[in-house]
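This is what each chain is made of:
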Amino acid sequence: MFEILSCPFLTTFLLFFPFSLKMKFLQTAIIMLKELCEVDLMLLWNYKLNLTTDPKFESVAREVCKSTISEIKECADEPVGKGYLVSCLVDHRGNITEYQCHQYITKMTAIIFSDYRLICGFMDDCKNDINILKCGSIRLGEKDAHSQGEVVSCLEKGLVKEAEERDPKIQVSELCKKAILRVAELSSDDFHLDRHLYFACRDDRERFCENLINISSYSILQTQAGEGRVYKCLFNHKFEESMSEKCREALTTRQKLIAQDYKVSYSLAKSCKSDLKKYRCNVENLPRSREARLSYLLMCLESAVHRGRQVSSECQGEMLDYRRMLMEDFSLSPEIILSCRGEIEHHCSGLHRKGRTLHCLMKVVRGEKGNLGMNCQQALQTLIQETDPGADYRIDRALNEACESVIQTACKHIRSGDPMILSCLMEHLYTEKMVEDCEHRLLELQYFISRDWKLDPVLYRKCQGDASRLCHTHGWNETSELMPPGAVFSCLYRHAYRTEEQGRRLSRECRAEVQRILHQRAMDVKLDPALQDKCLIDLGKWCSEKTETGQELECLQDHLDDLAVECRDIVGNLTELESEDIQIEALLMRACEPIIQNFCHDVADNQIDSGDLMECLIQNKHQKDMNEKCAIGVTHFQLVQMKDFRFSYKFKMACKEDVLKLCPNIKKKVDVVICLSTTVRNDTLQEAKEHRVSLKCRKQLRVEELEMTEDIRLEPDLYEACKSDIKNYCSTVQYGNAQIIECLKENKKQLSTRCHQKVFKLQETEMMDPELDYTLMRVCKQMIKRFCPEADSKTMLQCLKQNKNSELMDPKCKQMITKRQITQNTDYRLNPVLRKACKADIPKFCHGILTKAKDDSELEGQVISCLKLRYADQRLSSDCEDQIRIIIQESALDYRLDPQLQLHCSDEISNLCAEEAAAQEQTGQVEECLKVNLLKIKTEVCKKEVLNMLKESKADIFVDPVLHTACALDIKHHCAAITPGRGRQMSCLMEALEDKRVRLQPECKKRLNDRIEMWSYAAKVAPADGFSDLAMQVMTSPSKNYILSVISGSICILFLIGLMCGRITKRVTRELKDR
């Protein structure tokens, strides 16, 4: 019996019989009816179809609603006897003010929606579709066998399924589609009228929406729970864990219908009715056209909002709810289902709730989990435009939940829902306040916002006029397939950095917004559509391992010359922008914030950067407050600048015309700098009346030259030539502060030939222009201010040398000056003053040395030693003699300044004079030690160098510091009137030594006697090489007067002998003639 009662039709049939007959009937008809239950019930369903046109409904309606019918024209025009009148009144029940009519229609609504067959016209439009979709059979086992809501639900699912398939096997007819959506629309204000959803969600309604159902009266209930309130309540709880799957499925179906026709949402249609009409977002004559789609409505009204038009707050609230709904559940968007089905199954299965699937797809698009088809990517882009989460972050539930803690701490000063919340989150990207989950969700969303400038509402509001004027944009809700992603924003930022001379600039408000977004998006190359599109292959080829923040762009800049043409152009343009506005490099700015605050706050506050901030950072790169990240970032940008002179904004603007005129076809900055500096130098040397390089370019060129000296990597030719040497000799030395260059100088003798040549050329340049000597300028910065404030850059080192022995001289600076003097004395070419003074003497006296030397080899002090010997012979020109005297005087105090002595006597110095050589202050002790130990020196070349020192000291007492110090008082007393130089004062002292009447100081007398012995020994072991040397030895000999007397006497005797011989010869000749 219970089996029979399980038959829905039998249960219905028995209701018409009295109880006394039921049992008998059941016993006799059990077999027959059981068989009937198993038969297809389509015949019975067709039989009941005739009841749907019962005229009784219409006649009652005409009586009760007489005045209402006359007021509603559409209902008055309905034909009689077809049942259309009641349907029309149901459609307009919201406008019925007559109480009895309203009550009747309310009850009729409940009756009609209890069975789809009672809905006027529905059967006519959907009869065939019901048969095709097999929605007409009453399925066994349903709890409510009387409800025909399953049929409507079946049709709705068929309609939804068709929209989600590319080639649907079964298509719902257009008439039935309209009928289905119309039924859904009519039931939109009261969820009781959607019978399938009502029965599926009864328990969930009581659980989640009890505040809307706790009233028994139906009419009052409709007021409380009507206008779609229960629907919205259930929608809001759709993804709760306790929501039944059956109810969730029914809610999803209804949401999909709303996506197809916004009128299925009572609250949305009512709240936005006037706004839709006002902004022409719907077409009354085409109620089921594309204008009815939720996406079209949202985009149309959003366009009005973004254009600054007034949309009612109620409508905006409804729009917010439905935009959030679309973002929460990807299945509500047929385009996503159609285009992304494979990607969802492969990458994002099991993530259907709270917008996780969409963010999973976004993650795939960003390239973090695989690849995404173009159709799917386009569908996602369209959905983002429809939902417009850039206008209100709360629309994106996944983002909202992930970033809630960040918003509460970092962005609490911004009103909830304000578009600037997203901007605030971007500004705190990669900071301590950012959490990882928020970072991922934010970048996933920003990827799509960055591809459509309209999705940033603040940017669109402030730049729509400029974009229309300069970039030929369309309306907010219009797109052009011909315009690539990000093209409008690229156009805007190109115009943002134009000069006034170039014209067509952005308005101030728009420029500020463009800069804001550039600063935020520069942290991730994926937020630059053109960059990612054109550089995708290069990113994979060169930067696959660069996964840290900001590394990808740095990697592309490092490999600029290796990139494909299109990628290189884009990276070059972006780098050029960075040079003008370095704040685009947000990560660098964060790292350098302490330095900016302490040293560069004046230029950082400027609205227009123009390269001043980076120049300031470079100048302060080695401050104590500088942190490693900032220093590395600044250095990297300097290295990138070397690849193209355009990457140095100030240099580009100052020298652009000069480069085009004087250095055409040269691109690399270092080559441009060399080209222009060579031109400036040539004009200076030739004393040209007018410089070919403009004044403003010359000034900026000087800045660039000075910056390049700070790091060897900024001089690519030198760096490439010395890479292996740096590895061998300077591996522990840090880059920057010219430390590597200084290390190479100190190890110059061990360097490879090519590197040695480059370092020598660098030293030659630095000696000609000491301001380019970064280490010297850094170490002696304060001493230059003290001793050489007015000195020209060319004479800076000369000035420092003159003040080297001052008591106020800083020891570190003094040590650095000595290093440079040592360098200068290794080769006359490194001493510009000497080179100029002795330009005639060098080829005259040292021609043999120059002939033997190679062009690229150093002379190791040979030329200077040659000139020293000629100085002793007193054969140099006055200018050259003055310079050689200075060199001899300096080297007499410090043996390290005599490269030949140091080269040939290194062993002797170590063995005989180790203590003197170790002295912190060199005052000629080592030279004196070598002179004293002359007899102990075995090496001929060293002995010769010491003898040369003795020879030099004969020529001038000033070059013998020990003797000069000992005899200073005696010189003052006895030789003050004697002009220094050419051995005159030395001769004066010697005469004073021989004069018994003159009493010299004991120390002076002792030193003079020592020198006489040394000179005597020198004369024995090193005889004169020629007449000039012999004459010099005689003139400087202590026995000069005796020798001269002997020579004079000898000459007189020879003269007399000659005279006598001449007379005898003359007499003999005359006698012969007389014969």
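Notes on the structure follow. Numbers given for residues are sequential positions, taken from 1 along each chain in its written order. Reporting in this predicted model follows two pLDDT cut-offs: at least 70 for local features of residues, and 80 or more for side-chain atom pairs to be given and counted; totals over whole chains, interfaces and linings ignore these cut-offs and use all residues. To obtain the side-chain values, all non-hydrogen atoms of the structure were included, while hydrogens and water were left out.

Concerning the overall build of the chain
Logical step 1: Under the scheme used here, helices are H or I runs from DSSP no shorter than 4 residues and strands are E runs no shorter than 2 residues, and both carry numbers assigned from the N terminus. Per the secondary structure count, the chain includes 67 helices and zero strands.
Logical step 2: A burial count over the chain gives 51% of its 1075 residues as buried.
Logical step 3: Put simply, 62% of the contacts in the chain that link residues at least 6 apart link residues at least 24 apart.
Logical step 4: The accessible surface values rely on the Shrake-Rupley method and a 1.4 Å probe; as for residues, cover is taken only from the protein chains in view. Just so you have it, the chain exposes about 54,900 Å², and 51% of that area is on carbon and sulfur atoms. For the exposure calls, accessible area comes from a 1.4 Å probe over protein chains only, and a residue counts as buried if that area is under 20% of its type's maximum, exposed if over 50%, partly exposed in between. A contact between two residues is defined here by any heavy atoms of the two lying within 4.5 Å.

A look at helix 46 (residues 739-746)
Count 3.6 residues to each turn of an α-helix, and residues three or four apart come out pointing the same way.
Logical step 1: The buried fraction of helix 46 amounts to six of the eight residues, a majority that puts the element mostly inside the structure.
Logical step 2: Turning to helix 46, its buried residues are Ile 740, Ile 741, Glu 742, Cys 743, Leu 744 and Lys 745.
Logical step 3: Here the buried face of helix 46 lies against helix 45 (723-729), helix 47 (753-768), helix 48 (774-779) and helix 51 (811-826).

Concerning the pattern of salt bridges
Logical step 1: We define a salt bridge as a side-chain nitrogen of Lys or Arg found within 4 Å of a carboxyl oxygen belonging to Asp or Glu. Under the counting rule described, the total for this entry stands at 61 salt bridges.
Logical step 2: Between Lys 256 and Glu 164 there is a salt bridge whose closest N-O contact spans 2.8 Å. Pair noted here: Lys 256 is in helix 17 (residues 245-260) and Glu 164 is in the loop between helix 11 (149-163) and helix 12 (174-186), with a separation of 92 residues, a long-range link. Each member of the pair, Lys 256 as well as Glu 164, is classed as buried.
Logical step 3: Between Glu 335 and Arg 293 there is a salt bridge, with the nearest N and O atoms lying 3.1 Å from each other. With Glu 335 in helix 22 (residues 334-347) and Arg 293 in the loop between helix 19 (273-278) and helix 20 (294-306), this pair connects stretches of sequence that are 42 residues apart.
Logical step 4: On the basis of relative accessibility, which here comes to 26%, the residue Arg 293 falls in the partly exposed class.
Logical step 5: Three or more residues are tied together by salt bridges with common partners; here these are Glu 928, Lys 931, Asp 960, Glu 1003, Arg 1007 and Arg 1011.

Overview of the packing of aromatic side chains
Logical step 1: Only Phe, Tyr and Trp rings are paired, with Trp represented by its six-membered ring, and only when their centres lie within 6.5 Å; those with planes under 30 degrees apart are stacked, over 60 edge-to-face, the remainder tilted. Evaluated as defined, the whole model comprises eight aromatic pairs.
Logical step 2: Taking 5.2 Å as the distance between ring centres and 65° as the angle between the ring planes, the aromatic pair formed by Tyr 198 and Phe 199 counts as edge-to-face.
Logical step 3: On the basis of relative accessibility, which here comes to 16%, the residue Tyr 198 falls in the buried class.
Logical step 4: Taken together, a centroid distance of 6.5 Å and an interplanar angle of 85° make the contact between Phe 645 and Phe 651 edge-to-face. Across this residue pair, the class does not change: Phe 645 and Phe 651 are buried.
Logical step 5: Definition used: whenever NZ (Lys) or CZ (Arg) falls within 6 Å of the ring centre and also within 35 degrees of the ring normal, the charge is taken to sit over that ring. Across the ring face of Tyr 447, the terminal group of Arg 451 is positioned such that the distance to the ring centre comes to 3.5 Å.
Logical step 6: Between Arg 521 and the ring centre of Phe 489, over which it is positioned, the NZ or CZ distance is 5.0 Å.

What about a nonpolar patch on the surface?
Logical step 1: A cluster of nonpolar side chains, Phe 1055, Leu 1056 and Leu 1059, forms an exposed patch at the surface whose accessible area comes to about 320 Å².
Logical step 2: Tracing the backbone shows Phe 1055 in helix 67 (residues 1040-1074).
Logical step 3: Here Phe 1055 falls in the exposed class, since its relative accessible area comes to 56%. Two distance rules govern patches: like charges are joined within 9 Å, and nonpolar side chains (Val, Leu, Ile, Met, Phe, Trp, Tyr) within 5 Å, applied only to residues with over 30% relative accessible area and no salt bridge.

A word on the side chain of Ser 265
Logical step 1: On the secondary structure map, Ser 265 appears in the loop between helix 17 and helix 18 (266-271).
Logical step 2: Among the polar contacts made by the side chain of Ser 265, one reaches the side chain of Tyr 322 at a distance of 2.5 Å.
Logical step 3: Apart from the residues lying within four places of it in its own chain, the contact partners of Ser 265 are Ser 188, Ile 258 and Tyr 322. In protein, a polar contact requires one atom able to donate a hydrogen and another able to accept it; more generally it is a pair of N or O atoms within 3.5 Å, and residues adjacent in sequence count only if both atoms are side-chain atoms.

As for unusual backbone geometry
Logical step 1: You will see that His 472, though not glycine, has its phi angle at about 55°, which is positive.
Logical step 2: Relative to the assigned elements, His 472 resides in the loop between helix 29 (457-471) and helix 30 (487-496).
Logical step 3: In this structure His 472 comes out as exposed when scored by relative accessible area, which is 58%.
Logical step 4: Residues other than glycine seldom take positive phi values, yet Ala 738 does so here, at roughly 60°.
Logical step 5: Within the secondary structure layout, Ala 738 lies in the loop between helix 45 and helix 46.
Logical step 6: What makes Ala 738 buried here is its relative accessible area of 5%.

A few points about the packing of helix 60 (residues 925-932) against helix 61 (residues 940-955)
Logical step 1: Axis geometry follows a simple rule: fit a line to the C-alpha atoms, using only the stretch in contact for helices, then measure angles between N-to-C directions, giving values from 0 to 180 degrees. Close contact between helix 60 and helix 61 brings their axes to 10 Å; oriented N to C, the two are set at 105°. Relative to helix 61, the element helix 60 is oriented roughly perpendicular. Between helix 60 and helix 61, the contacting residues are Glu 927, Leu 930 and Lys 931 on the first element and Val 946, Met 949 and Leu 950 on the second.
Logical step 2: Amino acid classes used here: Ala, Val, Leu, Ile, Met, Phe, Trp, Tyr, Cys and Pro are nonpolar; Asp, Glu, Lys and Arg are charged; the rest, including Gly, are polar. Grouping the constituent residues of the contact of helix 60 with helix 61 by class yields four nonpolar, no polar and two charged. Throughout, the term roughly parallel applies to angles under 35 degrees, roughly antiparallel to angles over 145, roughly perpendicular to angles from 65 to 115, and oblique to all others.

Focus on the state of the cysteines
Disulfides are covalent bonds that connect the sulfur atoms of two cysteines.
Logical step 1: Any two cysteine sulfur atoms within 2.5 Å of one another count as a disulfide. One pass over the full model with this rule turns up 29 disulfides.
Logical step 2: Covalent S-S linkage joins Cys 135 and Cys 154, the inter-sulfur distance amounting to 1.9 Å. Residues Cys 135 and Cys 154 are joined by a disulfide whose S-S torsion is about -60°; by sign, that bridge is left-handed. You can see Cys 135 sitting in the loop between helix 10 (122-132) and helix 11 and its partner Cys 154 sitting in helix 11, a full 19 residues away along the chain.
Logical step 3: Residue Cys 154 is classed as partly exposed on the basis of its relative accessible area, which comes to 24%.
Logical step 4: Covalent S-S linkage joins Cys 592 and Cys 630, the inter-sulfur distance amounting to 1.9 Å. Judged by the sign of its S-S torsion, about 105°, the cystine formed by Cys 592 and Cys 630 is right-handed. On the criterion of sequence distance, the pair formed by Cys 592 in the loop between helix 36 (586-591) and helix 37 (593-599) and Cys 630 in helix 40 (residues 628-641) is long-range, its members being 38 residues apart.
Logical step 5: Taking the relative accessible area as the measure of exposure, Cys 592 reaches 0% and is therefore buried.
Logical step 6: Residue Cys 630 is classed as buried on the basis of its relative accessible area of 0%.

Considering the nonpolar core
Logical step 1: Buried residues of nine kinds, namely Ala, Val, Leu, Ile, Met, Phe, Trp, Tyr and Cys, make up a nonpolar core once their side-chain atoms join them within 4.5 Å. Counting 103 residues, the largest nonpolar core has Leu 155, Leu 294, Leu 301, Ile 336, Leu 361, Leu 380 and Leu 425 as its most contacted members.
Logical step 2: Non-local contacts of Leu 380, meaning those with residues more than four positions away in its chain, are made with Ile 336, Leu 358, Leu 361, Met 362, Val 365, Leu 372 and Phe 448.
Logical step 3: Cys 913, Leu 947, Ile 971 and Leu 989 belong to the second-largest nonpolar core, a separate cluster that totals 33 residues.

Focus: the environment of Glu 552
Logical step 1: Tracing the chain through its elements places Glu 552 in helix 34 (residues 551-558).
Logical step 2: Residue classification places Glu 552 among the buried positions, given a relative accessible area of 19%.
Logical step 3: With sequence-adjacent residues up to four places away left out, Glu 552 is seen in contact with Asp 524, Val 525, Lys 526, Leu 539, Cys 543 and Lys 546.

Describing the packing of helix 39 (residues 612-619) against helix 40
Logical step 1: Helix 40 packs onto helix 39 with a crossing angle of 115° between their chain directions and a minimal axis gap of 10 Å. Two packed elements cross with a definite hand, and for helix 39 against helix 40 that hand is left-handed. Listed contacts from helix 40 to Met 614, Leu 617 and Ile 618 of helix 39 are Val 634, Phe 637, Gln 638 and Gln 641.
Logical step 2: Taken together, the residues that form the contact of helix 39 with helix 40 break down as five nonpolar, two polar and no charged. Left-handed describes a crossing whose near helix is turned anticlockwise from the far helix through less than a right angle; right-handed describes the clockwise counterpart.

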